[in-house]
Amino acid sequence: FISYSHADVKWAKWLHRTLETYRTPRRLLGLKSEQGGAIPSRLSPIFRDREEFATSHNLSESIRDALEQSENLIVICSPQAAASKWVNQEIEAFKKLGRQQRVFCLIVTGDPAATGTEQDCFPPAIHQSFDATGDAMDSVDPVAADVREHGDGKALARLKIIAGLLCVRLDDLR
C-alpha cells in the first residue's frame, strides 16, 4: 500500500511502476526471507489510490480494507505528506493492525531532522508506536530511504525499499 499526498503523485506513480515491474534476482527465488517466507518473483499487486477520499472525513471502508489486506505500507514522505491528515490516518490505521515493523519511508522532499517545522517530511504517526490494543506508546525514530541527490539517490532508495519489502539484506540485491 503506497500512502502519499496528492502533491507527490509524480513520486507515487514512479514508485508504483518501479515496484510492480521489479523482478527479483533469480539467485534469490525460492530462498527464505528474513521473516521466513519464500522470496517472491514479483512485488505485486501494489495498492495506490487517493480518489477514495473525495467526500469523506475519515478513511473510507475500501481504504481500510486495502490496508488490512496489505503486508506493507510505503509512505512517500514530504512536507505535504507530513501535513496530510489522510496520510497520517493511513499510517496510524496500519500500525494499529500490528504491522508497525512493515512501514517503509521514502523521503522525496523536506528535511527529516526538521521535526515539527514546515520542512518536516514525516507525518506525526511515523514517530508513534502502538501496543497490541492499539494504544499509543513510545515515540520512534524512523529509518528512511531518501531519493534526494544528497540522500541515497533514486536507484539506491529504490533498492532499499525493495529489500525491505522482500525481507532481504540490501547487499543481496546489489
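The following refers to the structure shown.

Conventions and cut-offs
- Residues numbered from 1 in each chain as written.
- Predicted model: local features only at pLDDT ≥ 70, side-chain atom pairs only at ≥ 80, totals over all residues.
- Heavy atoms only, no water.
- Salt bridge = Lys/Arg side-chain N within 4 Å of Asp/Glu carboxyl O.
- Buried < 20%, exposed > 50% of the residue type's maximum accessible area, 1.4 Å probe, protein only.
- Core = buried A, V, L, I, M, F, W, Y, C linked by side-chain atoms within 4.5 Å.
- Helix = DSSP H or I, 4+ residues; strand = E, 2+ residues; numbered from the N terminus.
- Contact = heavy atoms within 4.5 Å.
- Axes fitted to C-alpha atoms, helices over the stretch in contact; angles between N-to-C directions.
- Parallel < 35°, antiparallel > 145°, perpendicular 65-115°, else oblique.
- Left-handed = near helix turned anticlockwise from the far one by under 90°.
- Nonpolar A, V, L, I, M, F, W, Y, C, P; charged D, E, K, R; others polar.
- Pairing = 2+ DSSP bridges.
- 1 Å grid on protein atoms, 1.4 Å probe; cavity = no way out; pocket = protein on both sides within 12 Å on 5 of 7 lines; lining within 4 Å.
- Points joined across faces, edges and corners; volume = space filled by probe spheres on them.

What follows covers the pattern of salt bridges. Tallying each qualifying case throughout the model produces 5 salt bridges. Aspartate 146 serves as the salt-bridge partner of arginine 148, at 2.6 Å between the closest nitrogen and oxygen. Given the relative accessible area of 15%, arginine 148 is considered buried.

Within the largest apolar cluster, 29 residues are counted, with the highest numbers of intra-cluster contacts made by Leu19, Leu106 and Leu173. Looking at this core, the elements that each hand over two or more residues are helix H1 (9-20), strand E2 (73-77), strand E3 (103-107), helix H5 (153-166) and helix H6 (170-173). Here this core gets 7 residues from one element, more than from any other, and that element is H5. Apart from residues no more than four positions distant in its own chain, leucine 173 is found in contact with Tyr22, Pro25, Arg27, Leu28, Leu159, Ile162, Ala163, Leu166 and Val168. Counting 19 residues, the second-largest nonpolar core is a separate cluster that includes Phe1, Cys77, Val87 and Cys121.

So, on to the packing of helix H2 (residues 61-69) against helix H4 (residues 85-99). The geometry of H2 relative to H4 is characterised by a closest axis approach of 10 Å and an angle of 40° between their N-to-C directions. Comparing their axes, H4 and H2 come out oblique. The handedness of the crossing between H2 and H4 is right-handed. Residues Ile63, Arg64, Leu67 and Glu68 of H2 form the contact with H4, whose participating residues are Glu90, Ala93, Phe94, Leu97 and Arg99. Looking at the contact of H2 with H4 residue by residue, the classes come out as 5 nonpolar, no polar and 4 charged.

Attention now moves to the sheet that holds E3. The pairing of strands in a sheet comes from backbone hydrogen bonds and takes either a parallel or an antiparallel form. The parallel open sheet is built from 4 strands, whose spatial order is E1-E2-E3-E6. Unpaired on one side and paired on the other, strand E1 (2-3) and strand E6 (144-146) mark the two borders of the sheet. Where E2 and E3 come together, 5 bridges link them in parallel fashion. Residue pairing across strands places valine 75 opposite cysteine 105, the latter belonging to E3. Strand contacts of H5: E2, E3 and E6, with the helix running at about 175° to E3, the strand carrying the most contacts.

Before going further, it helps to examine the environment of tryptophan 11. With respect to the element layout, tryptophan 11 can be found in helix H1. Sequence-wise, tryptophan 11 and leucine 28 are 17 residues apart; in three dimensions their C-alpha atoms are separated by 28 Å. Once residues lying within four places of it in the same chain are set aside, the contact partners of tryptophan 11 are Ile76, Val108, Val147 and Lys154.

Assignment of secondary structure puts glutamate 92 in helix H4. Residues within four places of glutamate 92 in sequence aside, it is in contact with Ala125 and Phe130.

Quick look at the layout of surface pockets now. Each pocket or cavity is described by its volume, and for the largest pocket that value is around 570 Å³. Taken together, 23 residues line the largest pocket, and the ones lying closest to its centre are Ser44, Pro45, Glu71, Asn72 and Leu165. For the lining of the largest pocket, the elements supplying multiple residues, two or more each, are H2 and H5. Across the lining of the largest pocket, the residue classes tally to 13 nonpolar, 7 polar and 3 charged. Roughly 440 Å³ of volume is contained in the second largest pocket. What lines the second largest pocket is a set of 17 residues, and nearest its centre among them are Gln100, Val103, Phe104, Pro142 and Val143. Taken together, the elements giving at least two residues each to the lining of the second largest pocket come down to E3, strand E4 (128-130), E6 and H5.

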